[in-house]
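# Examining the three-dimensional arrangement
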Amino acid sequence: MSEKITRREALKLGTSAAVTASVSPLWSSAETKELPDANKTMTPPSAENELCFQSAKELAGLIHEKKMSSREVMQAHLKQIARVNPKVNAIVTLVPEEQLLAQASAADEAIAKGHWLGPLHGLPVGVKDLHETKGIRTTHGSPLYKDHIPQLDCLVVERAKKAGAIVIGKTNVPEWGLGSQTFNPVFGPTLNPYDLTKTCGGSTGGGAVALSCGMIPLADGSDMGGSLRNPPNFCNVVGLRPSPGRVPNPPTNLGWFTLSVDGPVARNVTDCAFFLSVLAGFDRRSPIAIDQPGNPFANSLGRDFEGVRVAMFKDLGLPWEPAVRDAVKAQRKVFESLGCIVEEAEPDFKDANECFLMWRHWSVELAFGDILEANAGKLNEYVHWHVQEGRKLTGPQLSRAEAKRTELYQRMRQFMEKYEFFVLPVNQVLPFDVNTHYPTEIAGVKMENYIAWMKSAYYISTVGNPAMSVPCAFSASGLPIGIQIVGRHNDDWGVLQMGYAFEQGTNIGRRRPAIV
């Protein structure tokens, strides 16, 4: 990878210049305006921002080989943040510039002395505002935590730092991460860079937008109902929902809970796997942690898919916006060009909706039930609804739901014995108006609650298979559409390999938003 760009070439890009714009530690609002032409979203390379769209893995290699300094990389990203973030409101808490540049200089000094911390040495990383960061404000998008500064890092952040990463700041989320539309009363909405009137999805919305706009090379995230897949799908980047236990993230009081997982978001599959190689790995504090190291995920993703059986979704019994459904079905030819045997088939997801909602109600009630009464006015309607529904649950209901979920897992396992991969849309809709909290209707079918439009994502969460979103198309109106690639139980590596092969066959992810 070192031959991709030399230090001399990097300097020609202007990356060693000082940051000319002042960078505020907080943007609490964003401009809302329409793009001149939603279809003109391909931005040609420029001396000003090309470094910010370099592969994270390649940037890390250049720093390691002393062909580029961490300080140059940090300066370039700070300049991009100052220029673009006010338009989209993706990074909501930025570490002060002088601290970031001091950390970058320290990383360069360490390299000069032969002290290499790890794969992410000197690389800026964005951290989701649900993840605890020592000394850096972590708000959860809630007025209750608007000034909260943790004393400890969660494990995901700790692992990134130990690998040499520099936390550049916190990326925006929906309040408490609930729902796939990134807005909250503390910072306001994050806007879709391909159309500033649309949502970027959620809950890893700020991370996906920051990546799409070249403001950070890597972002972490989390996913219960689709939050590592929905925002990448809406923002033309890549996100992986790993298998439960692949990326343990203590501290947590729900050690056995498998619906919620943590993982990586990046601009391409190689970088996503590269970041996973740092985040994944065994930890005894997690009772479901997979006892395998993460470093193999940094290996080459190339693979021959000749004869591999792939199932293309039918309709899952769900309503779809035609543009989404048709765009994903059209990808059949890409898988066939890889040598795959593609058949229209899908698992039986009976009871998936009931099981997901019941355990989501249960987990939110556990998190907020004891503080709801005293803070009723500071917790949103989603929290109130989940707590109310959670309090109605009985032991027999939960035990039967878990039995149904086990049956669902077995049906999925049997299906995946025939097919190595199952492909379907990430979402049932295109990015919608940022002022709309959630779609209330799809193709004439009314949605029964604020997350009902996310079933194509959270059905997969319920069975626990690894899944990733990879860019596959753009709508006629210029909005990104991602494809969801689901693998066999614990086969995160296979999902990444297929995602990489699909990406190489399409190159849709190279298309940038016009605002950058």
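A short tour of the structure in this document, coming up.

## Brief notes about the overall build of the chain
Summing up its helical and strand segments, the chain has 15 helices and 15 strands in all. For the chain, the C-alpha atoms occupy an extent of roughly 65 × 60 × 50 Å along the three principal directions. The proportion of buried residues among the 516 residues of the chain is 61%. A fraction of 78% describes how many contacts in the chain between residues 6 or more apart in sequence connect residues 24 or more apart. Accessible area for the chain stands at about 19100 Å²; split by element, carbon and sulfur atoms hold 51% of it. When the 53 positive and 54 negative side-chain charges of the chain are each reduced to one mean point, those points stand 2 Å apart.

## Some thoughts on unusual backbone geometry
The step from Gly202 to Ser203 runs through a cis peptide bond, and the omega angle for that step is 5°. By the secondary structure assignment, Ser203 is in the loop between β5 (195-199) and α6 (205-212). A positive phi angle, near 60°, is found at Asn507, a position not held by glycine. Looking at the secondary structure, you find Asn507 in the segment after α15 (492-506). We classify Asn507 as partly exposed; its relative accessible area is 34%.

## Description of the layout of surface pockets
Within this model, the largest pocket holds a volume of roughly 1300 Å³. Listed by contribution, the elements that provide at least two residues to the lining of the largest pocket are β6 (219-223), β8 (261-266) and α11 (352-368). Here the element with the most residues in the lining of the largest pocket is α11; it accounts for six residues. Residue composition of the lining of the largest pocket, grouped by class: 20 nonpolar, 17 polar and five charged.

## Section: the packing of aromatic side chains
Overall, the coordinates contain 19 aromatic pairs when judged by the stated rule. Between Trp359 and Trp362, the ring centres sit 5.1 Å apart and the planes meet at 85°, which makes this aromatic pair edge-to-face. Highlighted residues: Trp359 and Trp362, both in helix α11, separated by three residues, approximately one helical turn. Given the relative accessible area of 14%, Trp359 is considered buried.

The rules behind these values
Every chain is numbered independently, its residues counted from 1 as its sequence is written. Where local features are concerned, this predicted model is filtered to residues with pLDDT of at least 70; where side-chain atom pairs are given and counted, the filter is 80 or more; whole-chain, interface and lining totals use all residues. Side-chain numbers come from the whole structure's heavy atoms, not from hydrogens or water. Here a strand is any run of E in DSSP of at least two residues, a helix any run of H or I of at least four, and the numbering for each starts at the N terminus. The rule is simple: take the accessible area with a 1.4 Å probe, protein chains only, and divide by the maximum for that residue type; under 20% is buried, over 50% is exposed, in between is partly exposed. The criterion used for residue contact is that any of the two residues' heavy atoms lie within 4.5 Å. Residue burial considers only the protein chains on display, and all accessible areas are found by Shrake-Rupley using a 1.4 Å probe. In this count, Lys and Arg are taken as positive residues and Asp and Glu as negative ones, while His and the chain termini are left out. Lys charges are placed at NZ, Arg charges at CZ, Asp charges at CG and Glu charges at CD. A pocket here means an open set of points on a 1 Å grid, computed over the protein atoms alone, that has protein on both sides within 12 Å along at least five of seven lines. A cavity is instead a set of points where a 1.4 Å probe fits but cannot get out; residues with an atom within 4 Å of a point line either one. Grid points are joined across faces, edges and corners, and a volume is the space filled by probe spheres set on the points. Side-chain classes follow a simple rule in which Ala, Val, Leu, Ile, Met, Phe, Trp, Tyr, Cys and Pro form the nonpolar group, Asp, Glu, Lys and Arg form the charged group, and the remainder, Gly included, forms the polar group. Any two rings among Phe, Tyr and Trp, with Trp reduced to its six-membered ring, count as a pair given centres within 6.5 Å; such a pair is stacked if its planes are under 30 degrees apart, edge-to-face if over 60, and tilted if neither.

Geometry only, nothing functional implied.
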